[in-house]
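Coordinates in review
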Amino acid sequence: MAKKENKAKEQTITIDDKEYKVSDLTQEQVGLVNHVQDLSNKENSMSFNLTQVQGGRNHFMGLLKDSLKNGKEPSN
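This text gives an overview of the structure that appears in the document. Note that the structure is predicted; figures quoted are calculated from it, not measured. (Residues numbered from 1 in each chain as written. Predicted model: local features only at pLDDT ≥ 70, side-chain atom pairs only at ≥ 80, totals over all residues. Heavy atoms only, no water.)

**Some details on the overall build of the protein chain**
Secondary structure summary: the protein chain contains one helix and two strands in total. In the protein chain, the succession of helices and strands from N to C terminus is β-β-α. Buried positions account for 4% of the 76 residues belonging to the protein chain. Carbon together with sulfur atoms contributes 52% to the accessible area of the protein chain, which is approximately 7800 Å² in total. (Helix = DSSP H or I, 4+ residues; strand = E, 2+ residues; numbered from the N terminus. Buried < 20%, exposed > 50% of the residue type's maximum accessible area, 1.4 Å probe, protein only. Areas by Shrake-Rupley, 256 points an atom, 1.4 Å probe, with all protein chains shown as cover.)

What follows is the structure, given as structure tokens:
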């Protein structure tokens, strides 16, 4: 039976088309990378949430417009 090589691939990051080994970064640089990754995740989440909110708003605005077209008066 052939032996399987169990080499873990070294972690790298790419910034401006240049690849860096995480193991070569300083602690401060690793911290900055973590901040950038976390902020990117938050940005993606916010974008997703904004799309949901805009869709919900459009849905309820459509219901309101339909209600007004059908002659239903708003109650006070």
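**With respect to the pairing of strand 2 (residues 18-21)**
In this structure, strand 1 (residues 12-15) lies alongside strand 2, joined through four bridges in antiparallel fashion. Bridge pairing links I13 to Y20 in strand 2. Count of turn residues in the strand 1/strand 2 antiparallel hairpin: two residues, of which D16 carries a positive phi of about 50°. (Pairing = 2+ DSSP bridges.)

**So, the pattern of salt bridges**
Using the criterion set out here, one finds one salt bridge in the structure. D38 is paired through a salt bridge with K42; the nearest N and O atoms lie 3.3 Å apart. Here K42 and D38 lie together in helix 1 (residues 27-69), a separation of four residues that amounts to about one turn. Accessibility expressed as a relative area gives 47% for K42, which makes it partly exposed. (Salt bridge = Lys/Arg side-chain N within 4 Å of Asp/Glu carboxyl O.)

**Here's the deal with the environment of I13**
With respect to the helices, strands and loops of the structure, I13 is situated in strand 1. What I13 contacts, discounting residues up to four positions off in sequence, is K18, E19, Y20, V22, L25 and V33. (Contact = heavy atoms within 4.5 Å.)

**Observations concerning unusual backbone geometry**
Phi angles above zero are rare outside glycine, and D16 is one such case at about 50°. Secondary-structure assignment places D16 in the loop between strand 1 and strand 2. Looking at D16, the relative accessible area reads 74%, which means it is exposed. In the Ramachandran plot, D17 falls in the positive-phi region, its phi being about 65° despite a non-glycine side chain. Among the structural elements, D17 can be located in the loop between strand 1 and strand 2. Residue D17 is classed as exposed on the basis of its relative accessible area of 79%.

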